[in-house]
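Remarks on the overall topology
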Amino acid sequence: LMSSWVVTGLMLPDVGSVQHLSTGLLGFAMFVLVPNRVERTTVVVGAGFVVWLVGHAFLHGVEPGVEPWQAAVSRVLAFTACIAVAWASATAIGAAQRDAFLLLSHERETNGYLTTEISRRKAVERALLERANTDPLTGVSSRRYFLERVDHELGRARRSRDPVALLLIDLDHFKDVNDRYGHAAGDEVLRSVSATFREHVRTVDVIGRLGGEEFAIVMPGADTELASEAAERVRRQVSLLRIDQPGGDVRPTVSIGVVDCEVWTETVEEALRRADTVMYEAKTSGRDRVVCG
């Protein structure tokens, strides 16, 4: 563009108005369209003007009736005016661009910080929720969360008309384990038994610790027959456990009561009371067994 302007000025010296207009447009375009290069653009445009001015004077002389210094001064002033306007515009545009870049950088930093903070708070909320919903010793559901899940499953069963089974489980002679081997051994028994529950029930089943040595399992979509098979499997696997302790091996057993929840007529508490009655029958019948109600 610069070369075309110089060559045109030298080849067509008679179109002065076009030359002045093209000088202004070229200078303005050079400053505005070449960002962050104001000093370099000034040198390039100025060098082109000097080449055009000297070349024009050498090839075509001076206009008739005009002193050489007057022609040079008028052209320099016209060129300087165009360059001044272009330089001021380019400076303003550059400043605006820098301000926009700073704002954009600040916005990105702020967004990054907010994203990190939101992720951290969500992780803390999940950890707190998991801690509130989980029994810290055994890793199964806490009593409160388990009762909520049972209530949820009963509501869903009313809509889908699917059965829901409830297992109530109690460790046999657990007090004797604490008295003979100590509470640390009792805690180890609870952890081992809970792990056995998780290994031998379905992933959709929810296991909860209701308190002490008492557990419960809700089985969505399972009738009494399926729940009885699962209860028997759990009972058998628990009876095979051998928990090594300094005073000898601990061999836990469980008594399990199985009921089919009456989803249309009973609440969670009523279903648990009925399961507790059936589980007590297993206790009085000799323990280490499954009784269905």
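Residues numbered from 1 in each chain as written. Predicted model: local features only at pLDDT ≥ 70, side-chain atom pairs only at ≥ 80, totals over all residues. Heavy atoms only, no water.

1. Comments concerning the packing of helix H7 (residues 183-199) against helix H8 (residues 224-239)
What counts here: The convention used is that axes are lines fitted to C-alpha atoms, helices contributing only their stretch in contact, and that angles between N-to-C directions extend from 0 to 180 degrees. Starting at the N terminus, helices and strands are each numbered in turn, a helix being any DSSP run of H or I of at least four residues and a strand any DSSP run of E of at least two. Should an angle lie under 35 degrees it is considered roughly parallel, over 145 roughly antiparallel, and from 65 to 115 roughly perpendicular; all remaining angles are considered oblique. Each crossing gets its handedness from the near helix: less than a right angle anticlockwise from the far helix is left-handed, clockwise is right-handed. Note on contacts: a residue pair is in contact if any heavy atoms of the two residues lie within 4.5 Å. Asp, Glu, Lys and Arg are counted as charged, while Ala, Val, Leu, Ile, Met, Phe, Trp, Tyr, Cys and Pro are counted as nonpolar; the rest, among them Gly, fall into the polar class.
Between H7 and H8, the shortest axis-to-axis distance is 10 Å and the interhelical angle comes to 140°. Judged by the inter-axis angle, H7 sits oblique to H8. Taken as a pair, H7 and H8 cross one another with a handedness that is right-handed. Between H7 and H8, the residues in contact are Val193, Thr196 and Phe197 and Val234, Gln237 and Val238, respectively. Looking at the contact of H7 with H8 residue by residue, the class counts come to four nonpolar, two polar and no charged.

2. Points about the side chain of Thr253
Short version of the rule: For this analysis, a polar contact is any N or O atom pair within 3.5 Å, provided that within protein one partner can donate a hydrogen and the other can accept it, and provided that sequence-adjacent residues contribute only side-chain to side-chain pairs.
Mapped onto the elements, Thr253 comes out in the loop between strand E5 (248-250) and strand E6 (254-260). Only 2.8 Å separates the side chain of Thr253 from the side chain of Asp172, close enough to count as a polar contact. Ignoring sequence-local partners within four residues, the contact set of Thr253 consists of Asp170, Leu171, Asp172, Val238 and Asp288.

3. Some words on helix H5 (residues 143-160)
To be explicit about the condition: One less than the number of residues in a helix, times 1.5 Å, gives the span that helix is expected to have. When accessible area is computed with a 1.4 Å probe and restricted to protein chains, residues below 20% of their type maximum are described as buried, those above 50% as exposed, and intermediate ones as partly exposed.
Between its first and last C-alpha, H5 extends 26 Å over 18 residues, near the 26 Å set by a 1.5 Å rise per residue. The complete set of buried residues in H5 reads Phe146, Val150, Glu153, Leu154, Gly155 and Ala157. Buried-residue contacts for H5 involve strand E1 (164-171), strand E2 (206-211), strand E3 (214-220) and helix H9 (268-284). In the segment just after H5, Arg161 is the residue with positive phi, at about 60°.

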